Amino acid sequence: MIQKLAQQLAEMESMIPMAETQNSDISNASVGWHLAHAILVFNQVISAVAKSDPVNYKPRFSWTKFIIFLTKHIPRGKAKAPKAVEPTLDMDLKEALERASLAIINLMSVAPNQFFPHPYFGDLNRDKTIQFLWIHTEHHLKIVRDLLKK
């Protein structure tokens, strides 16, 4: 799964030159916004996992989490990005992607029950976090792919 995350980051890097592309029929946000948001989520989630104490890990069942993890699909337009992961205009996508590439390596070195407290899914341990990052990133990549179709 880590390899899949690395492939997603490489694909995002190839899309940076088209960051200004928009199509309001698909999304109100540009290619750059989707890339920046996905990278911000990536970096902030991995940072939260690294800082967490596995003793405090408390998983809980969520039907939403169950369905999304089962289908590996996030429906479009159903959630709004939290302020903490809303991109700013001055964000350097290449630099943020470099940090994300390093973060993947760090993610594999954390304890299995270090976690990310997701606002809807509850605590996601390392392995569930990796799955979540892939699903979330793929969600935004699908939107970007659609935005870039001619």
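As a starting point, this report considers the structure included with it. Predicted, not measured: the structure shown is a model, and the values here were computed from it.

The rules we used
Residues numbered from 1 in each chain as written. Predicted model: local features only at pLDDT ≥ 70, side-chain atom pairs only at ≥ 80, totals over all residues. Heavy atoms only, no water. Phe/Tyr/Trp six-rings, centres within 6.5 Å; stacked < 30°, edge-to-face > 60°. Helix = DSSP H or I, 4+ residues; strand = E, 2+ residues; numbered from the N terminus. Buried < 20%, exposed > 50% of the residue type's maximum accessible area, 1.4 Å probe, protein only. Axes fitted to C-alpha atoms, helices over the stretch in contact; angles between N-to-C directions. Parallel < 35°, antiparallel > 145°, perpendicular 65-115°, else oblique. Contact = heavy atoms within 4.5 Å. Nonpolar A, V, L, I, M, F, W, Y, C, P; charged D, E, K, R; others polar.

1. A closer look at the packing of aromatic side chains
Across all of its chains, the model carries 7 aromatic pairs by this definition. Ring centres 5.9 Å apart and planes at 80 degrees place the aromatic pair F69 and F121 in the edge-to-face group. Of this pair, F69 sits in helix 3 (residues 63-71) while F121 sits in the loop between strand 1 (115-118) and strand 2 (122-125), and the two are 52 residues apart along the sequence. Measuring from ring centre to ring centre gives 6.1 Å for F121 and F132, while their planes differ by 80 degrees; the resulting arrangement is edge-to-face. In this pair, F121 is assigned in the loop between strand 1 and strand 2 and F132 in helix 5 (residues 126-148), connecting sequence segments 11 residues apart. This pair shows no difference in class: F121 is buried, exactly as F132 is.

2. Some words on the packing of helix 1 (residues 2-15) against helix 4 (residues 93-108)
The geometry of helix 1 relative to helix 4 is characterised by a closest axis approach of 10 Å and an angle of 175 degrees between their N-to-C directions. Considered as vectors, helix 1 and helix 4 are oriented roughly antiparallel to each other. Counted together, I2, L5, A6, L9, M12 and E13 of helix 1 and K94, L97, A100, S101, I104 and M108 of helix 4 form the full contact between these two elements. When its residues are assigned to classes, the contact of helix 1 with helix 4 shows 9 nonpolar, 1 polar and 2 charged.

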